[in-house]
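# An overview of the molecular structure
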Amino acid sequence: MDKANPSCFLFCMLTLFVSGSLLFFLGFFPASQSQLVEIYGNGNVTTKPTELDGVNLKVPAGGPKQVILLVIDALRFDFATASKMPYAYDHSCKFLSLKVDIPTVTMPRLKSIVTGAVSNFIDIVLNLGHTTALKDSLLHRLRAKEKTAVFAGDRTWIELFPREFSRYYENIDSFFVYDFFLGDSNITDTLKQEIQRNDWNFLILHYLGLDHIGHVEGSESETIFKKLLEMDSVIEYTTKNPKFENQLLLVTADHGMRNGGGHGGNEKEEVNVPIMLFQAKCLTKSKRPSSSQRNQIDLAPTLAIILDIDIPETSLSCLIPEFFDSYTQEAQLYHLLYNAQHLMNKLTRKLSMNYIQQRAYYQWWQEARNSHKHFLLSNVSSLVTFEKAKQNYMRFSKEVSRQLTQTLVEFEYDFIVIALTLTTLSALTLLLNVLFENPLLCVMSKGFSLTVFLRCCFMATIINYLCHYFNYISSRSLIIGILLTLPVAFSLYLIWDLFQLILQIILPLSPKFKAHFKLSIPSVLTTIFFIQIATRGSSSLIEEEHWTWYYLTPTLLIFLTAQNFHNNIKHFWRNQKLRENMLLLRQTFEMRNAIFLLLIIVFCRYLNANDARGYYTMDLATIFRRKGNLFYLDLILLTGLSLLWWLLRKYNSPLQMFTCLVALLSVFGYRQSPKYPGVPLVIFWCGVLTTACIHYSDICCKRGRNHSLGATFNLLALLKTNLTCCLLVSALLHDPHNVILLPALIFMLETSYQLCDNLYLKDKRLYNRSYILILKTVLTIFIANTFYFFQGNSNKLSTININPGYIGLKSYNALLVGSLITLNMYCAQINAYLYLVWHMFNTQVQTLPIRQEKEQITNMQLFESTEEDLYLVLNLYTTTTVVPVAVYWWLLIAFRYHLFIYSVYAPKAIYECFQILVFYLNFIITTLYFKLFK
């Protein structure tokens, strides 16, 4: 890390920050559901009670012989209506609403259904990756009773329960969202076979078609209603089968579906799902949904009672009393007692009995038991006594369930403290090295000292040992304990460097050693930057973060335009030469582009609706689709492709422009015939590869004969090619109406950079090179984030667009799908970063003749000057990206018990962590290019 190689310093600081962020992520989120048994006791299952205060209890007889659980993925509550699912709506014995916990994605929701506990928020990441098998659940209890379970549908069940099903028929490509009907048809065929057999007790069916349609076509698609009628016919077939006399059918969903078609957030359409019970003999038919709402986790103990098995040890939930109306009063009270006793046992493991007895819910527990006992001893059954016991059991269970759920949140504070120290120190190091310069003490200047680091490792080992000895750090394993020494050692190393630098800022030994500012940052930029950071402390401003960028970015553009206008007017009155005054007038007139930029912002704002609270849910794309005006959507697509091709002419040769045209036309062809994507996609990828090969083959073959100037041109050509290919791929991945955002992004960056250059050309003393570089860097970040939200993204997980991940694929591939989704989501940041780097090299090359004439600069000096500017920009870009994230980690700890921690702050944390990873990879790839083609 010497001064001649500052990219190594930035890489090291970024690596430390990313590592610290990942460590923070691991420490902040509570333990996974696979560890619930360990958290809440020794794993012993609560046995069914046999007596109540000296009164013998009779265990009620079992329920139906066979139970069918039909899970319709993404079936939100308002889908189960008389018009959309008429048979189910009219013939259900019970129809209730279930409240789903966040995150509203499949895997954590399935865990809640079978364990009865609130799943971990980090499961949303595991939902698309590795799934850990559960240790205790309904299916484990079922197997312990030597009963049989059969499954058909989403393969997530098989990953959670690899050995608990006697037979299973999984969908091989559960994540392949373009499968609307085939997978569901196979599940229905399995149902028709299994429903005739008597060798199973629990049949689980998980239909995915409705969820896939929502992801691809949205919640208003006509295919949605066809799928709902199909599900209704499946329910009708099941209930009208002769075997249904001894069966019970439960129909529900793992989660709902937001209006846009996705899920993962906390909107009411996502967290409210129906639960319908069907039996051959109903006491009463439910003609309309009940007004009462239960929790989804209540399904676990309820199903345990219906299946006549033990309640899972992991369950923290209550019974759904409406499902036991057909049971005798004695049986109902017995089951309520059993579940309440189960919760009481778990509570006594967490809290002392003296504390529990002082709480109101303990009185409800005593009153429920007394009323229950009085009911059993009474010769004549009393409805009043029965209801009193029932209501007190339910009140007690609800309150204890709430208490246990709250105590489930456990943080790994040792990980968090180490992570916060490492991320804060690395961010502070980056910030001080941007602002201050001291050639003798600056970290970038001194380089990495192995001796100091080894001393830090020795001290870190001692600290680690003492923390383990005094239980400040939880003992996990020897390997983890050793690995924790590294972040502690790096933190100590950074503390030592920062201490020296800060000491020279405050108390320099002499003027020679004094650290001084090397950058002059405009107060407007500083104010805007701090405003952007401050908004992260408000849950409402995090939900509506797009408004922050929609206001701050135009403000920055207006500020830049005002500076240019003031500068032009000032020079106009000072200048007496007519020719120069005419040039100034022309430049002032050209500032009309700034007004055009503001109009572009207004237009792009209404392309997509990303308001978290639904104030402006009608975007242009939705309006055109609902009115059937697909012609206008095609027109927007064609306009976007044409403008993109027109802008690419500046960066490509005529031959490359032809290959770009072929690629863009194939994008239009693909969007016009999505059912037959093969030919257009083949043509597209051939066009992209040909565009890349034109420059790469030429440069790689001639690289050995290039001198320094030739290397600069080579690097410039490769950067142009990379930017072009990235824009072409983004055009393919974008939704058709979003393609126009790509030329809008390039035009906005180009125009804003031109305004910055005009300032520099007019007054180099006032607007020096560093000032202009700061402006360009901040503008790039702000414009990129603004376009990120223009695309329809938000800080809610439900707005993630997964469709681009499946373009051209016929099966699910986690790595490829994840890469395409990431490239589409963060294309604004990636393209803006590439454009900024290309622009810097291009500006240096274009100004070479003038600088050689005026400054007598050589080719080597040109490259060194370009490299110096580049690393200044990279340092600025890295610092501006990292510092807000470092602040957010502290805010996340401060708000860890906030009401909206998992609905607002936690999703934002996932986005922050992922955005840092994307920038980290982008930085590494760009730096490798500089090293390879320097």
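Each value, and the rule that gives it
- Residues numbered from 1 in each chain as written.
- Predicted model: local features only at pLDDT ≥ 70, side-chain atom pairs only at ≥ 80, totals over all residues.
- Heavy atoms only, no water.
- Helix = DSSP H or I, 4+ residues; strand = E, 2+ residues; numbered from the N terminus.
- Buried < 20%, exposed > 50% of the residue type's maximum accessible area, 1.4 Å probe, protein only.
- Contact = heavy atoms within 4.5 Å.
- Areas by Shrake-Rupley, 256 points an atom, 1.4 Å probe, with all protein chains shown as cover.
- Disulfide = S-S within 2.5 Å.
- Salt bridge = Lys/Arg side-chain N within 4 Å of Asp/Glu carboxyl O.
- Polar contact = N/O pair within 3.5 Å; in protein donor to acceptor, adjacent residues only side chain to side chain.
- Pairing = 2+ DSSP bridges.
- Axes fitted to C-alpha atoms, helices over the stretch in contact; angles between N-to-C directions.
- Core = buried A, V, L, I, M, F, W, Y, C linked by side-chain atoms within 4.5 Å.
- Domains from an automatic or database assignment.
- Parallel < 35°, antiparallel > 145°, perpendicular 65-115°, else oblique.
- Nonpolar A, V, L, I, M, F, W, Y, C, P; charged D, E, K, R; others polar.

As annotated in an unreviewed UniProt entry, the protein chain is GPI ethanolamine phosphate transferase 2 C-terminal domain-containing protein from Glossina pallidipes.

Now for the overall build of the protein chain. When helices and strands are tallied, the protein chain shows 38 helices and twelve strands. Going through the 934 residues of the protein chain one by one, you find that 58% of them count as buried. Here the contacts in the protein chain between residues at least 6 apart in sequence split such that 78% fall between residues at least 24 apart. Within the structure as shown, the protein chain displays about 39900 Å² of accessible surface, and the carbon and sulfur contribution to it stands at 61%.

Another aspect to go through is the state of the cysteines. In the structure shown here, the tally under the stated rule is zero disulfides. Here Cys725 is not disulfide-linked; the sulfur of Cys660 is the nearest cysteine sulfur, at 7.4 Å. The closest cysteine sulfur to the non-disulfide-bonded Cys726 is located on Cys827, 7.4 Å from its own sulfur.

Attention now moves to the pattern of salt bridges. Taken as a whole and judged by the stated rule, the model has 25 salt bridges. For Asp78, the salt bridge is made with Arg76, and the minimal N-O distance between the two is 2.6 Å. In this structure Asp78 comes out as partly exposed when scored by relative accessible area, which is 35%. Arg76 gets classed as buried once you look at its relative accessible area, which sits at 5%. A salt bridge links Glu313 to Lys346; its shortest N-O distance comes to 3.8 Å.

Moving on, we get to the side chain of Gln656. Inspection of the secondary structure puts Gln656 in helix H29 (residues 654-672). There is a polar contact of 3.1 Å between the side chain of Gln656 and the backbone oxygen of Thr691.

Moving on, we get to the sheet that holds strand S8 (residues 247-252). Strand order in the open sheet formed by eight strands is S6-S5-S7-S3-S8-S9-S4-S10, and the pairing between neighbours is mixed. Only two strands of the sheet have a single neighbouring strand rather than two, namely strand S6 (167-171) and strand S10 (293-295). In this sheet, adjacent strand axes meet at a mean angle of 20 degrees when their direction is disregarded. As defined by bridge partners, strand S5 (residues 149-154) adjoins strand S7 (residues 202-207) across five bridges and the pair is classed as parallel. Bridging from a neighbouring strand, Ala149 pairs with Phe202 of S7.

Our focus in this paragraph is unusual backbone geometry. Between Ile102 and the following residue, Pro103, the backbone shows a cis peptide bond with an omega angle of 5 degrees. For Pro103, the location among the structural elements is in the loop between strand S4 (94-99) and helix H4 (106-115). We note that Ala74 has phi near 70 degrees; this positive angle belongs to a residue other than glycine. Take Ala74: it is sitting in the loop between strand S3 (66-72) and helix H3 (86-91). The class for Ala74 is buried, based on a relative accessible area of 0%. Of note, the phi angle at Glu146 is positive, near 60 degrees, even though the residue is not glycine. With respect to the helices and strands, Glu146 occurs in the loop between helix H6 (138-144) and S5. When its relative accessible area of 73% is taken as the criterion, Glu146 is described as exposed.

The subject of this paragraph is the nonpolar core. In summary, soluble globular proteins display a tendency toward joint burial of nonpolar side chains. One finds Phe24, Phe28, Phe787, Trp889 and Leu892 to be the most contacted residues of the largest nonpolar core, which totals 176 residues. Looking at this core element by element, the count peaks at 16 residues for helix H38 (residues 901-932). Residue contributions to this core reach at least three from each of two domains, namely domain 1 (63-326) and domain 2 (538-856). In contact with Phe24, other than residues within four places in its own chain, are Ile416, Ala419, Leu420, Trp889, Leu892 and Ile893. Residues Leu52, Met85, Ala117 and Val273 belong to the second largest nonpolar core, which totals 105 residues.

Okay, the packing of helix H8 (residues 182-194) against helix H10 (residues 222-240) next. The packing of two helices is summarised by the inter-axis angle and the distance between the axes. With their axes 11 Å apart at the nearest point, H8 and H10 run at an angle of 5 degrees to one another. One element, H8, and the other, H10, form an angle in the roughly parallel class. Between H8, through Asp184, Thr188, Leu191 and Lys192, and H10, the contact on the second element is made entirely by Lys227, Glu230, Met231, Val234, Tyr237 and Thr238. In the contact of H8 with H10, the residues fall into four nonpolar, two polar and four charged.

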